[in-house]
Amino acid sequence: MANGQWYPAEWPERIRALAEGRLTPVEPRRAATVMLLRDTGTGTDTGPAVHMLRRRASMAFAGGAYAYPGGGVDPRDDDHHVRWAGPTRAWWANRLGVDETAAQAIVCAAVRETYEEAGVLLAGPTPDSVVGDTTGPDWETDRAALVARDLSFAEFLDRRGLVLRSDLLGAWARWITPEFETRRYDTWFFVAVLPEGQRTRNASTEADRTVWITPGEAATGYDKGDLTMMPPTIATLRGLIPYGSASEALSAAPQRDLTPVLARARLEADEVVLTWPGHGEFTKHIPLGGAPA
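About the criteria used
- Residue positions are given per chain, counting from 1 as you read along its sequence in written order.
- The model is predicted, so local features are restricted to residues of pLDDT at least 70 and side-chain atom pairs to those at 80 or more, both for listing and for counting; the totals for chains, interfaces and linings are taken over all residues.
- Hydrogen atoms and water are omitted, and side-chain values are computed over all heavy atoms in the structure.
- Angles run from 0 to 180 degrees between N-to-C directions of axes, and those axes are lines fitted to C-alpha atoms, restricted for helices to the stretch in contact.
- Under the DSSP-based scheme used, a helix requires at least four consecutive residues in state H or I and a strand at least two consecutive residues in state E, with every element numbered from the N terminus.
- By the definition adopted for this analysis, an angle is roughly parallel if under 35 degrees, roughly antiparallel if over 145, roughly perpendicular if from 65 to 115, and oblique otherwise.
- By definition, any crossing whose near helix is turned counterclockwise from its far helix by less than a right angle is left-handed, and any crossing with a clockwise turn is right-handed.
- Contacts are assigned to residue pairs with any non-hydrogen atoms lying within 4.5 Å of each other.
- Polar here means any residue other than Ala, Val, Leu, Ile, Met, Phe, Trp, Tyr, Cys and Pro, which are nonpolar, and Asp, Glu, Lys and Arg, which are charged; Gly is therefore polar.
- We call two strands paired when DSSP finds no fewer than two bridges between them.
- Accessible area is worked out with a 1.4 Å probe on protein chains only. A residue is then buried under 20% of its type maximum, exposed over 50%, and partly exposed in between.
- Throughout, the arc means that of the directions going from the helix axis to the C-beta atoms.
- For Phe, Tyr and Trp, where Trp contributes only its six-membered ring, two rings pair if their centres lie within 6.5 Å, and the inter-plane angle classes them as stacked under 30 degrees, edge-to-face over 60, or tilted in between.
- Two thresholds decide whether a charge sits over a ring: the Lys NZ or Arg CZ must be within 6 Å of the ring centre and within 35 degrees of the ring normal.
- Residues belong to one nonpolar core when they are buried, are Ala, Val, Leu, Ile, Met, Phe, Trp, Tyr or Cys, and are joined through side-chain atoms within 4.5 Å.

J.: An account of the packing of helix 3 (residues 100-118) against helix 4 (residues 137-147) is needed here, citing residue identities and associated values.
T.: Two elements in contact, helix 3 and helix 4, have axes separated by 10 Å at closest approach and are oriented at 120 degrees. Here helix 3 lies oblique to helix 4, going by the angle between them. Every pair of crossing elements has a handedness; the one defined by helix 3 and helix 4 is left-handed. In contact with R112, Y115 and E116 of helix 3, helix 4 contributes W139, R143, L146 and V147. Here the contact of helix 3 with helix 4 is composed, by residue class, of four nonpolar, no polar and three charged.

Structure below.
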């Protein structure tokens, strides 16, 4: 393929099975992922840089692909009381298209995954502050417990006496894994600005590399085939290119369309056609018995 679009070898047969009614779609699991931004201030490619991680090649899902910190929603965060700053749960419910308990859990997942995989925590002791350095051994113990799911994020915030800073997040997009996939996620993409005083680190066991890269540079790498990405990743990166700063992108988030993007597959003559509505660059024509074009 000319670009870096991730395309698993098993997709053609699964797409055919779905199109012919031989495959029952798996119910998607709620998930959240965060495009963490910081201003570069240097270089010819202006605009903010985004923190990305490269998934280990051994990973069953999207091995070798570049992505953002993210993961599934923990149901324990649905109704546990969380100290909360920023827009209300009702506001978030309306924005995300879910009820209030689900909205809390999705926002919690976004903040938790950013902490688990990048070491950055969007929470503070007061509604207008964020914690400083989170690299000490006591922090690492709690982070490991979160990763192991021995501790829910709501319990972690309680234990630390922290307020979740929902005002530091902006909902950017929503993508649902195609119906022919074995692992499916209903994923909300968020943007956030790296808090002053905090630093990212590769805290994820799923990643072998992390980078700060401008959306323009990342898109060029994808177009050349140097960086592998899934459609939602490159699509959201392209959406960041027009913004001159991290705060500009965060301010634009409330106006973003959160209509879910779901790939469609159909049989057409002697091929399967795979499309992502509104994203023509990802269209694939798969000959029956052949490779994608």
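J.: Tell me about the sheet that holds strand 13 (residues 271-275), and please be specific about residues and values.
T.: Here we have three strands laid out as an open sheet, ordered 12-13-14, and antiparallel in their pairing. With one partner strand each, in any of the chains shown, strand 12 (264-268) and strand 14 (284-287) form the two edges of the open sheet. The sheet shows a mean angle of 20 degrees between the axes of neighbouring strands, taken without regard to direction.

J.: Can you explain the sheet that holds strand 7 (residues 163-165)? Please cite residues and give values.
T.: A sheet is described by the order of its strands in space; here three strands give the open sequence 5-7-6, paired in mixed fashion. The strands lining the two open edges of the sheet, one partner per strand, are strand 5 (84-85) and strand 6 (123-124). As defined by bridge partners, strand 5 adjoins strand 7 across two bridges and the pair is classed as parallel. Looking at strand 7, one finds that A85 is bridged to R165.

J.: Account for helix 5 (residues 153-160), naming residues and giving values.
T.: Since the α-helix turns once every 3.6 residues, residues separated by three or four places project in the same direction. Within the sequence span of helix 5, burial applies to F153, A154, F156 and L157. Taken around the axis of helix 5, the buried residues stretch over an arc of 160 degrees, which confines them to a single face. Contacts from the buried residues of helix 5 go to helix 3, strand 6, helix 4 and strand 7. Following helix 5 by one or two positions, G161 adopts a phi angle in the positive range, close to 65 degrees.

J.: Could you give an account of the packing of aromatic side chains, with specific residues and numbers?
T.: Considering all chains together, one arrives at ten aromatic pairs under this definition. Here the aromatic rings of W91 and W92 are separated by 5.0 Å at their centres, their planes lie at 90 degrees, and the arrangement is edge-to-face. When the centroid spacing of 6.5 Å and the interplanar angle of 70 degrees are considered together, the rings of W175 and F282 count as edge-to-face. With a gap of 107 residues between them, W175 in strand 8 (residues 169-176) and F282 in the loop between strand 13 and strand 14 connect regions that are remote in the sequence. You can call W175 buried: its relative accessible area is 6%. Joined through ring pairs, the aromatic side chains of Y115, W139, F153 and F156 make up one cluster. The ring of W139 is capped by R160, whose NZ or CZ atom sits 3.8 Å from the centre of that ring.

J.: Please set out the pairing of strand 2 (residues 48-55) residue by residue, giving values where relevant.
T.: Within strand 2, seven of the eight residues are buried, which leaves it mostly tucked inside the rest of the structure. The pairing of strand 1 (residues 29-39) with strand 2 spans three bridges and is antiparallel. The partner of L37 across the bridge, within strand 2, is V50. Inspection of the sheet shows strand 2 paired to strand 3 (residues 66-67) by two bridges, in the antiparallel sense. Bridge pairing in strand 3 places L53 opposite A67.

J.: Can you break down the nonpolar core residue by residue, with the values?
T.: Nonpolar side chains in soluble globular proteins tend to be buried together. Membership of the largest hydrophobic core comes to 41 residues, with the highest contact counts inside it found for L96, L121, F156, L169 and F190. Those elements giving two or more residues to this core turn out to be strand 1, helix 2 (89-96), helix 3, helix 4, helix 5, strand 8 and strand 9 (185-193). Broken down by element, this core gets its largest block of residues, nine residues, from helix 3. Not counting the four nearest positions on each side in its chain, F156 is found in contact with Y115, L121, W139, D142, L146, L151 and L162. Ranked by size, the runner-up nonpolar core spans 40 residues in total, among them Y68, V191, I213 and W276.

J.: Please set out the packing of helix 6 (residues 215-224) against helix 7 (residues 231-240) residue by residue, giving values where relevant.
T.: As a packed pair, helix 6 and helix 7 sit with axes 8 Å apart at the nearest point and diverge in direction by 140 degrees. Considered as vectors, helix 6 and helix 7 are oriented oblique to each other. Like other packed secondary-structure pairs, helix 6 and helix 7 cross with a definite hand, here left-handed. Two secondary-structure elements touch here, helix 6 through P215, A218, A219, Y222 and D223 and helix 7 through I234, L237, R238 and L240. A breakdown of the residues in the contact of helix 6 with helix 7 according to their chemical character gives seven nonpolar, no polar and two charged.

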